[in-house]
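# What the coordinates show
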Amino acid sequence: MLADCGLSVNTLSSMQAGGFYPRLEAIAKIADYLDCSVDYLLGRTDNPDVNR
C-alpha cells in the first residue's frame, strides 16, 4: 500500500503515533487504495461510502 500511495514507512509510523497527517493528495490516494471516503479515514463518519 505504501508504495502504491507514494508514502514511506516513516510516514505511516508518524500517522499511527497521531502526530502527523500527510498532505491531502496522499490522504486521497490512501482512501482510493482502501476504497473508502476521506471522511471515513479521518474518523468523521462510520460509513466508508459517505462523500465519495
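The structure contained in this document is the topic of the report that follows. (Residues numbered from 1 in each chain as written. Predicted model: local features only at pLDDT ≥ 70, side-chain atom pairs only at ≥ 80, totals over all residues. Heavy atoms only, no water.)

### With respect to the side chain of T45
Definition in use: Here a helix means four or more residues in a row that DSSP labels H or I, a strand means two or more in a row labelled E, and each is numbered from the N terminus. Polar contact is defined as a pair of N or O atoms within 3.5 Å, subject to the rule that within protein one atom must be able to donate a hydrogen and the other to accept it, and that residues adjacent in sequence are counted only when both atoms are side-chain atoms.
Turning to its location among the elements, T45 is positioned in the segment after α4 (38–41). At a separation of 3.1 Å, a polar atom in the side chain of T45 contacts the main-chain amide nitrogen of N47.

### Notes on helix α3 (residues 24–34)
To keep things clear, this is the line we draw: Burial classes: relative accessible area under 20% of the type maximum marks a residue as buried, over 50% as exposed, and values in between as partly exposed (1.4 Å probe, protein chains only). Taking the helix axis as origin, the arc is that swept by the directions to the C-beta atoms.
For α3, every residue scored as buried is listed here: A26, I27, I30 and A31. Buried residues of α3, seen end-on, are gathered within an arc of 140° and therefore sit on one face of the element. α3 presents L24 and D32 as exposed residues on the side facing more than 90 degrees away from its buried surface. Count one or two residues on from α3 and you reach D35, which has phi positive near 55°.

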